[in-house]
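A closer look at the structure
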Amino acid sequence: MTLEIKGVDAYYGSVKVLEGVDFKAQQGEFLGVVGPNGSGKTTLLRAVSRILKPRVGTVLLNGSNVLEMKDKEFSRNFAAVPQDTTINFEFSALDIVLMGRNPHLGRLELESERDIEIARRSMKLTNCWHLAERPVTELSGGERQLVIIARALTQQPKVLLLDEPTSHLDINYQIEIMQLLRRLTLDEGLIVVAVIHDLNLAAIFCDRLALLHKGRIAALGTQEEVLTAENIKRIFGANVVVSRLPQTNQCYILPAKT
Ligand code: ADP
C-alpha cells in the first residue's frame, strides 16, 4: 500500500497555495506535516481528501488515481478528521461513530450487527467505548476527538488524514492521541498523515516529517533531517536549540536564549 502525491499544485481562486508537492507514504507509516501558519498544511490535506481538487498533479493510492474514485470508494479508502470537530446535534457518541459505516452501506440500508461490532471495535481501539451512550454535545474536547477518530476508523480506511488532532487538548490527551495514531500504523497497517503543530510531539511520534514552506515541501525525511536549527530559523524565523534525549536520541526543540 502506497500513497503517492505527485507534483500537486492547488489554488484558491487565482492564488496558488501549493506548488509541486511530491511525497510518498508507505503502509504502516506515520507522516507528520509541519510548517508555519499559512504554509499550506491544511490545504495539502484538503487536496488529498479531494475537498480542493488539485489543478495540477495527481494523488495515487497503490497506483490508482484517487481523484477519479467514486465518492463511496474514496471514503472506503480515506478518512479525514478535520480541525474543528464540534457537533451541534445531540447524537450519542455511538451514533456518530456508526456514521463511519455509510460508505459501506447501500442507499437506505440500515446498519447490521456487523456494522455495530465494527463501530464498537473502533471505540475500544480509541478507548472511548465507555462514552457510547453519551450525547456528543456533552463530551470534553479530548473525548470528542477520540470519538471522531473512532468514526474515521469505522470507515475501515487505508489512509487516515488528520488536521491538528491534538490542538486545544491537554498534555494527557495529546499523548493518548499520538500514541493511538502510532499504534494504528503499527498494528493496523494504516497510513497516517497528520498536520502537527507541536514540533516536539511530531518528533516523538512520527516516522517521517514533511516540512512545508510557502506551499512547497522544504524538507522531507527523518526528524534529524528535517528539524535542524537552520531549517527552523530559515522557515519559522525562530532561534532554537535542537537537542537529543539521551535515552532515545529523539530531537527536542527549545527556544535559544537571545
Ligand atoms: P496552514 O494550514 O499551514 O496554516 P493553509 O493551508 O490553511 O495553511 O493556508 C495556506 C494559504 O492559503 C494561506 O495563505 C491562507 O491564507 C490561504 N487560504 C486558506 N484557506 C483559504 C480559502 N478558503 N480561501 C482563500 N485562501 C485561503
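The following refers to the structure shown. Please read all numbers here as calculations on a predicted model, not as lab measurements.

A word on the site of the ligand
Around the ligand, the structure places Y12, V17, P36, N37, G38, S39, G40, K41, T42, T43 and R46. Interatomic distance of 2.8 Å between a side-chain N/O atom of K41 and an oxygen atom of the ligand. Between the ligand and the protein, one listed contact pairs an oxygen atom with a side-chain N or O atom of T43 at 2.5 Å. The protein chains hide 55% of the 560 Å² of surface that the ligand would expose on its own. Tallying contributions element by element places helix α1 (residues 41-48) first for the shell around the ligand, with four residues. Classifying every residue of the shell around the ligand gives three nonpolar, six polar and two charged.

With respect to the packing of helix α4 (residues 113-125) against helix α5 (residues 141-154)
The contact between α4 and α5 brings their axes to 8 Å, and the two run at 135 degrees. Between α4 and α5, the angle is such that the two are oblique. With respect to the hand of their crossing, α4 and α5 are arranged in right-handed fashion. When α4 is examined against α5, the residues I118, A119, S122, M123 and L125 are found in contact with a partner set consisting of A150, L153 and T154.

Rules of the game
- Residue numbers here run from 1 along each chain, matching the order of that chain's written sequence.
- Two thresholds apply to this predicted model, a pLDDT of at least 70 for residue-level local features and 80 or more for giving and counting side-chain atom pairs, whereas whole-chain, interface and lining totals are computed over all residues.
- Here the side-chain values reflect all heavy atoms present in the structure, with hydrogen atoms and water set aside.
- In these notes, residues near a molecule or strand are those with any non-hydrogen atom within 4 Å of it.
- For this analysis, a polar contact is any N or O atom pair within 3.5 Å, provided that within protein one partner can donate a hydrogen and the other can accept it, and provided that sequence-adjacent residues contribute only side-chain to side-chain pairs.
- The Shrake-Rupley method, run with a 1.4 Å probe, gives the accessible areas here. Residue values count only the displayed protein chains as cover.
- Helix and strand assignments come from DSSP, with helices taken as H or I runs of at least 4 residues and strands as E runs of at least 2, each series counted from the N terminus.
- Throughout this entry, Asp, Glu, Lys and Arg are counted as charged residues, while Ala, Val, Leu, Ile, Met, Phe, Trp, Tyr, Cys and Pro are counted as nonpolar. The remaining residues, Gly among them, count as polar.
- Axes, fitted as lines to C-alpha atoms, cover a helix only where it is in contact. Angles between the N-to-C directions of the axes lie from 0 to 180 degrees.
- Note on angle classes: values under 35 degrees are labelled roughly parallel, values over 145 roughly antiparallel, values of 65 to 115 roughly perpendicular, and the remainder oblique.
- It is the rotation of the near helix from the far one that decides the hand of a crossing: anticlockwise by less than a right angle makes it left-handed, clockwise makes it right-handed.
- It only takes one pair of heavy atoms within 4.5 Å for two residues to be counted as in contact.

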